[in-house]
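Chain residues, written in single-letter form:
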Amino acid sequence: MQTVAREGKLSPAGRVAFLSRTETIAAAHRLNSKSLSDAENKKLFGKCNQSHGHNYTVTVTVRGEINPISGMFMNIYTLQEHMQEAIMKPLDHKNLDQDVAYFADVVSTTENLAVYIWESLQKCLPAGRLYKVKVYESDKNFIVYKGG
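Model, not experiment: these values are computed from the prediction.

Quick notes on the rules
- Residues numbered from 1 in each chain as written.
- Predicted model: local features only at pLDDT ≥ 70, side-chain atom pairs only at ≥ 80, totals over all residues.
- Heavy atoms only, no water.
- Salt bridge = Lys/Arg side-chain N within 4 Å of Asp/Glu carboxyl O.
- Buried < 20%, exposed > 50% of the residue type's maximum accessible area, 1.4 Å probe, protein only.
- Helix = DSSP H or I, 4+ residues; strand = E, 2+ residues; numbered from the N terminus.
- Polar contact = N/O pair within 3.5 Å; in protein donor to acceptor, adjacent residues only side chain to side chain.
- Contact = heavy atoms within 4.5 Å.
- Pairing = 2+ DSSP bridges.
- Axes fitted to C-alpha atoms, helices over the stretch in contact; angles between N-to-C directions.

Overview of the pattern of salt bridges
Reasoning step 1: A complete count under the given rule lists three salt bridges for this structure.
Reasoning step 2: With a shortest N-O distance of 3.0 Å, Glu23 and Arg21 are connected by a salt bridge.
Reasoning step 3: Overall, Arg21 belongs to the partly exposed group, its relative accessible area being 22%.
Reasoning step 4: Here Glu85 and Lys89 are joined by a salt bridge, their closest N and O atoms 2.6 Å apart. With Glu85 and Lys89 both in helix H2 (residues 76–91) and four residues apart, this pair spans about one turn of that helix.
Reasoning step 5: Under the relative-accessibility criterion, Glu85 is labelled partly exposed at 47%.
Reasoning step 6: What makes Lys89 partly exposed here is its relative accessible area of 47%.

Concerning the environment of Gln122
Reasoning step 1: Along the chain, Gln122 falls in helix H4 (residues 110–122).
Reasoning step 2: On a C-alpha basis, the gap between Gln122 and His82 in space is 9.9 Å, while along the polypeptide they are 40 residues apart.

Some remarks on the side chain of Glu23
Reasoning step 1: With respect to the helices and strands, Glu23 occurs in strand S3 (residues 16–29).
Reasoning step 2: With a relative accessible area of 15%, Glu23 lands in the buried category.
Reasoning step 3: Among the polar contacts listed, one links the side chain of Glu23 to the side chain of Arg21, at a separation of 3.0 Å.
Reasoning step 4: Ignoring anything within four residues of it in the chain, the contact list for Glu23 reads Tyr56, Thr57, Val58, Gln80, Met83 and Met88.

Considering the sheet that holds strand S4 (residues 52–65)
Reasoning step 1: Taken in spatial order, the five strands of this open sheet run S5-S3-S4-S6-S7, and their pairing is mixed. The open sheet is flanked by strand S5 (94–95) and strand S7 (142–145), the only strands paired with a single partner.
Reasoning step 2: Across 14 bridges, S3 lies against S4 in antiparallel orientation. Bridge pairing in S4 places Ile25 opposite Tyr56.
Reasoning step 3: Contacts from H2 reach S3, S4 and S5, with the element oriented near 20° to S3.
Reasoning step 4: The strands that H4 touches are S4, strand S6 (130–136) and S7; relative to S6, the one it contacts most, it runs at about 145°.

So this is what it looks like as structure tokens:
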């Protein structure tokens with residue numbers, strides 16, 4: 001492990017840390033696949049085949065090597081700004097199926113919502129920085145996505 005001199009003290013370099021931030025979005029959707037008949041959609045998705053909403057809790061985790069001078073790899077406010085642009089603005093208080101172009105041909109499941117968030121964040125974060133996206137649909141149900 002390398003060290004960096006700072007004010008007469010040595011700080012370790014090469015240490016990786018994980019930073020997470022959580023936001024809540026309110027969004028409506030209807031689980032419905034264009035590839036299935038009305039009866040098949042009703043059977044597969046049950047009551048979720050009707051329009052309804054969720055207060056999704058989204059936790060984003062990024063990773064990076066701690067800068068021995070600043071003591072951090074990313075300012076939390078930078079992550080907050082990226083989440084505002086990639087998650088809050090396009091998704092909060094929206095109907096996912098009607099207001100978000102991505103879901104025009106993609107079923108608005110929590111799995112696909114996690115993929116959408118991942119892809120949106122990938123566009124604004126440095127390469128390799130995004131570690132995982134966790135989306136809670138309810139207190140009991142959540143999806144974890146780590147890219148792919």
